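Each chain is listed here by its residues.
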Amino acid sequence: MSAPHTLIGVSIFEALSPDVLANIEQKCRWRSCEKNTQIIRHQDGSKDVVFITSGRARVNIYSANGRVVTFRDISAGDFVGELSAIDGKARSASIESLEPCSVAYLSQASFWDLLETHNEVARALLIHLSQQVRFLTERIYEFGTLAVSNRIQAELLRLSREDPAASDTAVISPAPTHVVIANRVATHREAVTRELRHLIDIGVMEKSGRDLRILSVSRLTQMVEDLAKF
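Everything numeric here is computed off the predicted structure, so don't read it as measured data.

## Thoughts on the sheet that holds strand β8 (residues 101-106)
By definition, the strands of a sheet pair up through backbone hydrogen bonds, in either a parallel or an antiparallel sense. One open sheet holds the 4 strands; their spatial order is β1-β8-β3-β6, and the pairing between them is antiparallel. Both outer strands of the open sheet, β1 (29-33) and β6 (79-80), are each paired with one neighbouring strand and no more. Direction of pairing for strand β3 (residues 49-54) relative to β6: antiparallel, over a ladder of 2 bridges. Paired with Val 50 across the two strands is Val 80, which belongs to β6.

## Points about the environment of Leu 115
With respect to the element layout, Leu 115 can be found in helix α3 (residues 108-117). With 43 residues separating them along the chain, Leu 115 and Arg 158 place their C-alpha atoms 31 Å apart. Residues within four places of Leu 115 in sequence aside, it is in contact with Val 121, Ala 122 and Leu 125.

## Considering the pattern of salt bridges
For the coordinates displayed, the defined rule picks out 12 salt bridges. A salt bridge links Asp 73 to Arg 56; its shortest N-O distance comes to 4.0 Å. With Asp 73 in strand β5 (residues 68-75) and Arg 56 in strand β4 (residues 56-62), this pair connects stretches of sequence that are 17 residues apart. For Asp 73, a relative accessible area of 28% gives the class partly exposed. By sharing partners, the salt bridges in this structure join Arg 56, Arg 58, Asp 73, Glu 99, Glu 138, Glu 142, Glu 155, Arg 158 and Arg 184 into a single network.

## A few points about the nonpolar core
Residues Leu 7, Ile 12, Phe 13, Ile 24 and Phe 51 are the most contacted members of the largest nonpolar core, which totals 20 residues. For this core, the elements supplying multiple residues, two or more each, are α1 (18-27), β3, β8, α3 and α4 (119-145). Counting residues per element, this core draws most heavily on α3, at 3 residues. In this structure, Leu 7 is in contact with Phe 13, Leu 21, Ile 24, Glu 25, Cys 28, Trp 30, Phe 51, Thr 53 and Ala 104, ignoring residues within four places of it in sequence. Ile 152, Leu 156, Ile 172 and Ile 181 belong to the second largest nonpolar core, which has 16 residues in total.

About the cut-offs
Throughout, a residue's number is its position along its own chain's written sequence, starting from 1. The model is predicted, so local features are restricted to residues of pLDDT at least 70 and side-chain atom pairs to those at 80 or more, both for listing and for counting; the totals for chains, interfaces and linings are taken over all residues. As a rule here, side-chain values come from all non-hydrogen atoms in the structure, and water together with hydrogens is ignored. Here, any two strands with at least 2 DSSP bridges between them count as paired. Working definition: helices are DSSP H or I runs of at least four residues, strands are E runs of at least two. Numbering for both runs from the N terminus. The contact criterion used is simple: two residues touch if any of their non-hydrogen atoms lie within 4.5 Å. In what follows, salt bridge is the name for a side-chain nitrogen of Lys or Arg lying within 4 Å of a carboxyl oxygen of Asp or Glu. Burial classes: relative accessible area under 20% of the type maximum marks a residue as buried, over 50% as exposed, and values in between as partly exposed (1.4 Å probe, protein chains only). Nonpolar core, defined: a set of buried Ala, Val, Leu, Ile, Met, Phe, Trp, Tyr and Cys residues in which side-chain atoms within 4.5 Å join the residues together.

Below you can see the structure in the form of structure tokens.
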């Protein structure tokens with residue numbers, strides 16, 4: 001059974017009344033996507049803003065020789081495509097579903113009308129764009145200053161969630177494949193395998209089923225920061 005057509009839970013619309021939200025829902029074009037479906041294609045000319053209302057997707061760019069650069073994963077409540085809606089230029093990346101997703105497409109014209117008539121949505125968009133700039137600034141800094149092993153360590157910290165059951169520990173659940181981690185930090189699978197084995201051997205991490213557990217967040221953080229000083 002398909003997911004209901006609702007934008008409840010989409011972060012940019014949190015301040016809107018139910019009536020306003022229902023009106024936006026009626027303007028959307030809705031789509032159910034199976035796993036591994038292309039939601040947005042890199043460099044295409046579409047201008048819709050896309051809201052993920054269920055499931056998860058990944059933001060990628062493929063090079064001419066087929067190499068993948070992965071930027072981030074998105075899930076229910078997130079949105080993408082706002083850059084093309086704002087500046088009218090081609091898509092900056094591809095969006096592909098990692099699992100069955102329900103998505104809503106809002107036209108460029110409707111999106112601009114929304115920004116002009118609802119200050120709270122425009123404010124939420126500015127905060128979102130600021131967060132993306134900070135995220136990309138951090139990534140550029142890491143690529144310019146860190147060795148491959150330390151970029152892997154930094155990505156593991158970024159992917160982890162604090163474990164409420166124990167201080168200074170965190171969990172990555174489920175852990176992405178070594179290939180996915182490699183695509184995030186512009187390296188190869190073997191380098192990720194090597195670094196994870198090293199972190200496990202020195203007692204910083206452990207593998208538990210499909211999860212990775214960071215046994216000392218402070219130690220892993222220090223390993224990244226120590227190299228960044230040089």
